[in-house]
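# Examining the three-dimensional arrangement
Each chain is listed here by its residues.
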Amino acid sequence: MRNELSSIRSGVRLRTRCRARVQQALRRDGGFTLLELLVVMVIIGLLAGLVAPRYFEQVGKSNTKIARAQVDSLSKALDQYRLDMGAYPTTEEGLQALQTKPQDASHWSGPYLQKAVPPDPWDRPYQYRSPGEHSDYDLFSLGKDGQVGGTSENTDVTSW
């Protein structure tokens, strides 16, 4: 009986020790150390440094594509205006002639745009001249920098 009792006690002690070790291991492995967190933050920073420039370059390219699409759409509206009126709007009338009827415009059958003339993707108005230096009219945006010429996102978007 003593043997049985001592074997039961030793089994209980063994279980208690095992539980204590498991609980200690769980406490130790339950969180992250400061070093581990710093390593993860450095890795995230490196990835952001590599990915962010490429992402923002794509945003710039998409703004240029939007400007090209808007210039194309405005050019089509100007062509429709010319078919009805016999001439393109003057520089003074501007692109607003596509939306509101100019004075003494008897054949005007607009509006030629469903919405108001939008600004370019950089929130500046499109430039319009009629007669133009390059064709019957010049319609253009100066790009992100607002200066003549440029490359990438700063390139001019023109109708000619």
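For the structure itself, look to the data block above.
Residues numbered from 1 in each chain as written. Predicted model: local features only at pLDDT ≥ 70, side-chain atom pairs only at ≥ 80, totals over all residues. Heavy atoms only, no water.

This paragraph deals with the overall build of the protein chain. Counting its regular elements, the protein chain contains two helices and three strands. Reading the protein chain from its N terminus to its C terminus gives the helix and strand order α-α-β-β-β. Across the 160 residues that make up the protein chain, the buried fraction comes to 23%. Considering only intrachain contacts with a sequence separation of at least 6, the fraction spanning at least 24 residues in the protein chain is 40%. Counting every atom, the protein chain has about 12,000 Å² of accessible surface; 56% of that belongs to carbon and sulfur. (Helix = DSSP H or I, 4+ residues; strand = E, 2+ residues; numbered from the N terminus. Buried < 20%, exposed > 50% of the residue type's maximum accessible area, 1.4 Å probe, protein only. Contact = heavy atoms within 4.5 Å. Areas by Shrake-Rupley, 256 points an atom, 1.4 Å probe, with all protein chains shown as cover.)

Membership of the largest hydrophobic core comes to 21 residues, with the highest contact counts inside it found for Leu74, Leu78, Leu95, Leu98, Tyr126, Tyr128 and Leu139. Considering every element that reaches this core, the biggest residue donor is helix 2 (residues 34-85), with six residues. In contact with Leu74, not counting residues within four places along its chain, are Leu95, Leu98, Leu113, Val117, Tyr126 and Leu139. (Core = buried A, V, L, I, M, F, W, Y, C linked by side-chain atoms within 4.5 Å.)

Quick look at the pairing of strand 2 (residues 138-141) now. Side chains Asp138 and Phe140 project from strand 2 onto one buried face, and the interleaved Leu139 and Ser141 project onto a second face that is buried too. Relative to strand 2, strand 1 (residues 127-129) is paired through three bridges, and the arrangement is antiparallel. Residue pairing across strands places Arg129 opposite Asp138, the latter belonging to strand 2. As defined by bridge partners, strand 2 adjoins strand 3 (residues 157-158) across two bridges and the pair is classed as antiparallel. Considered in strand 3, the bridge of Phe140 is made with Thr158. (Pairing = 2+ DSSP bridges.)

Turning our attention to the sheet that holds strand 2. The sheet built from three strands is open, its strands ordered 1-2-3 with antiparallel pairing. Looking at strand neighbours, the two that pair on one side only are strand 1 and strand 3, the edges of this open sheet.

For the rest of this paragraph, the subject is the packing of aromatic side chains. A full pass over the atoms with the stated rule returns five aromatic pairs. Where Trp108 meets Tyr112, the ring centres are 5.7 Å apart and the plane angle is 90 degrees; that geometry is what we call edge-to-face. One exposure class covers both Trp108 and Tyr112, and it is buried. One aromatic cluster is present, built from ring pairs that chain together Tyr81, Trp108 and Tyr112. (Phe/Tyr/Trp six-rings, centres within 6.5 Å; stacked < 30°, edge-to-face > 60°.)

Turning to unusual backbone geometry, a few remarks are in order. For the bond from Ser130 to Pro131, the omega torsion is 0 degrees, close enough to zero to count as cis. Turning to its location among the elements, Pro131 is positioned in the loop between strand 1 and strand 2. Residues other than glycine seldom take positive phi values, yet Asp123 does so here, at roughly 60 degrees. Here Asp123 shows up in the loop between helix 2 and strand 1. According to the relative accessible area criterion, Asp123 is exposed, its value standing at 64%.

Attention now goes to the pattern of salt bridges. Side-chain pairs of opposite charge can arise where the charged atoms are in close proximity. Here the structure, examined in full by the defined rule, presents two salt bridges. Where Lys76 meets Asp72, a salt bridge forms, and the shortest distance between an N and an O atom there is 3.3 Å. Linking Lys76 with Asp72, this pair stays in helix 2, spanning four residues, or about one helical turn. Given the relative accessible area of 54%, Lys76 is considered exposed. Of the charged contacts, one joins Arg129 and Asp138 as a salt bridge, the two residues approaching to 3.7 Å between their closest N and O atoms. Here Arg129 falls in the partly exposed class, since its relative accessible area comes to 30%. Owing to a relative accessible area of 0%, Asp138 belongs among the buried residues under this scheme. (Salt bridge = Lys/Arg side-chain N within 4 Å of Asp/Glu carboxyl O.)

What follows is about a nonpolar patch on the surface. Residues Leu50, Val51, Tyr55, Phe56 and Val59 make up a contiguous nonpolar surface patch of about 530 Å² in total accessible area. Following the sequence through the fold, Tyr55 ends up in helix 2. Classification of Tyr55 by relative accessible area gives exposed; the value is 52%. (Patch = residues over 30% accessible without salt bridge, like charges linked within 9 Å, V, L, I, M, F, W, Y side chains within 5 Å.)

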